[in-house]
Amino acid sequence: MRSILFSALSAEKRIYFLCVLCGSAINFIEKRCMDKKNKENTEYLSGFIAIIGPPNVGKSTLLNRLMGKKISIVSPKPQTTRNRIVGIHHGEGFQIAFLDTPGIHKTRTTLHNSMVSSARDALSQVDVLILVIEMSRPDNQEISSILKTIKRTSKPVMLVINKIDQGPKKALLPIIDSYSGRYSFEVIIPVSALNGDGIDILLEELKKRIKPGPQFYPEDMSTDQSEKFLVSEVIREKIYLHTGGDIPYSSAVTVEKMEVNPENNILSISAIIHVESESQKSIMIGRGGKKVRDIGRASRLELEKMFGKRIFLELFVRVEKNWSRDPKALQRLGY
Ligand SMILES: Nc1nc2c(ncn2[C@@H]2O[C@H](COP(=O)(O)OP(=O)(O)OP(=O)(O)O)[C@@H](O)[C@H]2O)c(=O)[nH]1
Ligand SMILES: [Mg+2]
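About the thresholds
- Residues numbered from 1 in each chain as written.
- Chains lettered and ligands numbered in written order.
- Predicted model: local features only at pLDDT ≥ 70, side-chain atom pairs only at ≥ 80, totals over all residues.
- Heavy atoms only, no water.
- Axes fitted to C-alpha atoms, helices over the stretch in contact; angles between N-to-C directions.
- Helix = DSSP H or I, 4+ residues; strand = E, 2+ residues; numbered from the N terminus.
- Parallel < 35°, antiparallel > 145°, perpendicular 65-115°, else oblique.
- Contact = heavy atoms within 4.5 Å.
- Near = heavy atom within 4 Å.
- Polar contact = N/O pair within 3.5 Å; in protein donor to acceptor, adjacent residues only side chain to side chain.
- Nonpolar A, V, L, I, M, F, W, Y, C, P; charged D, E, K, R; others polar.
- Donors = N, O, S within 2.8 Å, 3.2 Å for Na, K, Ca; no water.
- Buried < 20%, exposed > 50% of the residue type's maximum accessible area, 1.4 Å probe, protein only.
- Pairing = 2+ DSSP bridges.

> Quick rundown of the packing of helix 3 (residues 59-67) against helix 7 (residues 199-208)? Include the residues and the values.
Taken N-terminus to C-terminus, the directions of helix 3 and helix 7 make an angle of 80°; their axes are 11 Å apart at the nearest point. In terms of orientation, helix 3 and helix 7 fall into the roughly perpendicular class. Contacts between helix 3 and helix 7 involve L62, R65 and L66 from the former and I199, L202, L203 and L206 from the latter.

Below, the structure written as structure tokens:
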């Protein structure tokens with residue numbers, strides 16, 4: 001039809017028509033080239049940033065706040081985080097991979113050694129460090145040793161004073177004063193990871209410190225942890241919240257099975273809670289199985305939100321004698 005119409009045109013009109021067609025094709029090609037050029041000119045920024053500090057100062061809460069979602073488990077007890085946890089923050093034209101780390105502390109067991117070395121290892125894997133302290137306990141006994149370590153890395157360090165919701169703002173001045181004298185921080189930013197105060201300023205300062213680089217992770221990836229690891233961490237968090245004394249510190253969790261039943265779409269998970277002695281096992285199980293049931297219920301509710309489906313969770317408690325001091329057992333349990 002088009003060719004009949006075209007041949008019906010006079011020779012003059014045909015030439016004019018072809019010129020218009022060629023013109024728009026050239027315009028189109030020019031526009032594509034410009035778009036490509038603009039994209040190349042606005043350089044993509046990316047970087048790795050480690051969140052380090054003493055135990056319990058709010059490092060994991062800060063990671064979750066920066067991410068806008070929960071990636072790392074949190075509890076009021078120190079030494080909650082045991083592995084390096086990666087949270088990938090995607091923004092317009094930039095990407096930041098945050099490494100949440102175990103709190104740096106004096107070590108007593110092989111597990112502590114593994115935790116502290118994974119924190120120290122993270123220092124060498126990143127471009128920038130965020131050192132977190134808390135406003136109400138700025139003179140944490142671990143700080144001197146942490147400052148010595150970061151001095152050796154010669155990486156840019158930002159100091160975050162967390163938990164500013166816990167006291168009057170005027171308490172910040174002497175802390176800022178004292179820390180400015182101890183190290184030449186890039187910037188000192190007071191925040192509350194809990195309620196979000198100061199987080200926008202922190203993100204702006206972070207963006208200034210990342211450099212042109214590749215997009216290391218795809219847009220839809222928010223962590224590099226496996227699903228089994230995420231599940232084991234949620235269960236471990238509930239153990240920290242539901243038990244006391246030595247129990248949380250002597251517990252490890254491994255996920256043995258995760259399977260979706262195609263008929264009802266229920267996700268079946270079976271996991272083992274490893275403890276170090278028979279007496280810990282009976283505390284973990286509780287009278288009539290109540291303790292482990294409470295841990296199971298709290299875990300299941302969170303996991304159902306996380307996976308967006310119904311979950312059937314089975315927990316078994318097993319004794320793995322003195323696992324926290326045995327390097328082989330540690331490896332088996334993921335540390
Ligand atoms: N009031 C207040 N509490 C906070 C804030 N940030 C964290 N917390 C609380 O501090 C406790 C420790 O938080 P975490 O994020 O687990 O601390 P952490 O530094 O990751 O701890 P470890 O992994 O054990 O080293 C939890 O009870 C948090 O709710 C904050 O800004 N204000
Ligand atoms: Mg933590």
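> Explain the site of ligand 1 to me, using residue names and the numbers behind them.
Neighbouring ligand 1 are 23 residues; K59, T61, Q79, T80 and D165 lie closest to it. One nitrogen or oxygen atom from the main chain of S75 is found 3.4 Å from an oxygen atom belonging to ligand 1. Here the shell around ligand 1 gets 3 residues from one element, more than from any other, and that element is helix 3. Its residues placed into classes, the shell around ligand 1 shows 7 nonpolar, 12 polar and 4 charged.

> Explain the coordination of the magnesium ion (ligand 2) residue by residue, including any values.
Only S60 (OG) and T81 (OG1) from the protein reach the magnesium ion (ligand 2) as donors, at distances of 2.0 to 2.1 Å. Note that S60 is positioned in helix 3 and T81 in the loop between helix 3 and strand 2 (85-91), a separation of 21 residues in sequence. Like S60, the residue T81 is buried in the burial classification.

> Describe the pairing of strand 8 (residues 252-260), listing the residues and the values that go with them.
Bridging between strand 8 and strand 9 (residues 267-275) involves 8 bridges; their strand directions are antiparallel. Bridging across to strand 9, M258 finds its partner in I269. As consecutive antiparallel partners, strand 8 and strand 9 are separated by 6 residues, and within that stretch N265 has a phi angle of approximately 60°, a positive value.

That is the geometry; function is a separate question.
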